[in-house]
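Structural overview for review
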Amino acid sequence: MKTGSKIALALGAVAAFLFAKKDNKVSGVGACKKTRRVGYVGEGKPAVFVSTYGKYANGSLKGEWVDLTKFDTYDEFMRYLYKLHSDERDPEFMMQAFEGYPSMWYYEGGMDRETFNKIKDYYNAFADDDEKRQAFEAYAGYFGDEASVEDFEDRYLGTHEDEYSYIDELIENGVINPSELVEKEGTWVIDHDALWRYYVNSGDIHGERTDYGLAVWYRGSFK
């Protein structure tokens, strides 16, 4: 397809969307008058807006927000998508938008079985724990696509107010013994910043800010 044709196609799709929105036929991102929903996609639930490349090429916005929690298996999910777009002989699914799960698992061209299962595990693990969910998303942003809920659970060291409170917890739990940090008996002062830098630079831990504080996890290799 020539560049001019691609631009015209894109502009046509945008114009159709704006017209539908002005005419009150659009509800939410990408939804239109013919859109149906799988129940109610509530806040925090993983969902994708599924149309097809064929419809997009023809300037159609027909599609649906599909709630992934409605399906027990990937096969059920795919059967629903084929039923949803049964007006096409061989639909090429286009995930036009997503919500409720980390962006690293979003791919416009579709969703494979492994990704579907990762998203389901993510939702089942953190649906009722927003603090831990945000910690996992920070963890996933650090480790990338290879991040898994199981690995996170093994490495997660909690969310703390800041670096100081984390070091204080290590002292309270006996992980750090202040008396061992000085050569002579007497008054000692804990340098929290130095200790935090030591643990981070040694490769043992890593921390990222979330709305709840500092999420900390072990990043070294398990022996």
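Rules used throughout
- Residues numbered from 1 in each chain as written.
- Predicted model: local features only at pLDDT ≥ 70, side-chain atom pairs only at ≥ 80, totals over all residues.
- Heavy atoms only, no water.
- Core = buried A, V, L, I, M, F, W, Y, C linked by side-chain atoms within 4.5 Å.
- Buried < 20%, exposed > 50% of the residue type's maximum accessible area, 1.4 Å probe, protein only.
- Helix = DSSP H or I, 4+ residues; strand = E, 2+ residues; numbered from the N terminus.
- Pairing = 2+ DSSP bridges.
- Axes fitted to C-alpha atoms, helices over the stretch in contact; angles between N-to-C directions.
- Phe/Tyr/Trp six-rings, centres within 6.5 Å; stacked < 30°, edge-to-face > 60°.
- pLDDT = per-residue confidence, 0-100.
- Contact = heavy atoms within 4.5 Å.
- Polar contact = N/O pair within 3.5 Å; in protein donor to acceptor, adjacent residues only side chain to side chain.

Within the largest apolar cluster, 31 residues are counted, with the highest numbers of intra-cluster contacts made by Val 48, Val 66, Phe 77, Leu 81, Met 111 and Phe 136. Broken down by secondary-structure element, the contributors of at least two residues to this core are β1 (47-52), α3 (74-84), β3 (93-99), α4 (113-126), α5 (130-143), α6 (149-155) and β6 (213-218). Core analysis: the second largest hydrophobic core is formed by 12 residues, Tyr 166, Tyr 199, Val 200 and Ile 205 among them.

The strand order across the open sheet built from 3 strands is β4-β6-β5, with neighbouring strands paired in antiparallel fashion. The outermost strands of the open sheet, each flanked by one partner alone, are β4 (156-160) and β5 (205-210). Strand-to-strand twist of the sheet, defined as the mean angle between neighbouring strand axes without regard to direction, takes the value 20°. Here β4 runs beside β6; their pairing, made up of 3 bridges, is antiparallel.

On to the packing of aromatic side chains. Two numbers describe a pair of aromatic rings. These are the distance of the centres and the angle of the planes. One pass over the full model with this rule turns up 25 aromatic pairs. Pairing Tyr 74 with Phe 77 gives two aromatic rings, centres 6.3 Å apart and planes at 50°, and the pair type is tilted. One end of the pair, Tyr 74, and the other, Phe 77, are both in helix α3, 3 residues apart, so they sit about a helical turn from each other. The exposure class of Tyr 74 is buried, given its relative accessible area of 14%. Under the relative-accessibility criterion, Phe 77 is labelled buried at 0%. Geometrically, the ring pair formed by Phe 98 and Tyr 106 is stacked, given 4.7 Å between the ring centres and 20° between the ring planes. Residue Phe 98 is classed as partly exposed on the basis of its relative accessible area, which comes to 27%. Accessibility expressed as a relative area gives 24% for Tyr 106, which makes it partly exposed. Within the aromatic cluster, the residues linked to one another by ring pairs are Trp 105, Tyr 122, Phe 126, Phe 136, Tyr 139, Tyr 142, Phe 143, Phe 152, Tyr 156 and Trp 217.

Let's shift gears to the confidence of the model for the protein chain. Looking at the protein chain, the pLDDT average stands at 80 and 74% of residues meet or exceed 70. The weakest mean pLDDT in the protein chain belongs to helix α1 (residues 3-22) at 44; the strongest belongs to α3 at 97. Across residues 1-40, confidence stays below pLDDT 50; counting only partners more than four residues off in sequence or on other chains, it has 47 contacts.

The next point concerns the pairing of β1. With 6 of its 6 residues buried, β1 lies for the most part within the structure. Burial of the side chains of β1 extends over both faces: Ala 47, Phe 49 and Ser 51 are buried on one face and Val 48, Val 50 and Thr 52 on the other. Two elements, β1 and strand β2 (residues 64-67), share 4 bridges in a ladder whose sense is antiparallel. Each residue of the ladder has a partner; that of Val 48, found in β2, is Val 66. Both β1 and β3 contribute to a ladder of 6 bridges, which runs antiparallel. Across the sheet, Ala 47 pairs through a bridge with Glu 99, a residue of β3.

Turning our eyes to something else, we now look at the side chain of Lys 55. Looking at the element boundaries, Lys 55 is found in helix α2 (residues 53-57). On the basis of relative accessible area, Lys 55 is assigned to the buried category, the value being 6%. Engagement of the side chain of Lys 55 in a polar contact is seen with the side chain of Glu 88, the distance being 2.6 Å. Ignoring sequence-local partners within four residues, the contact set of Lys 55 consists of Ser 60, Lys 62, His 85, Asp 87 and Glu 88.

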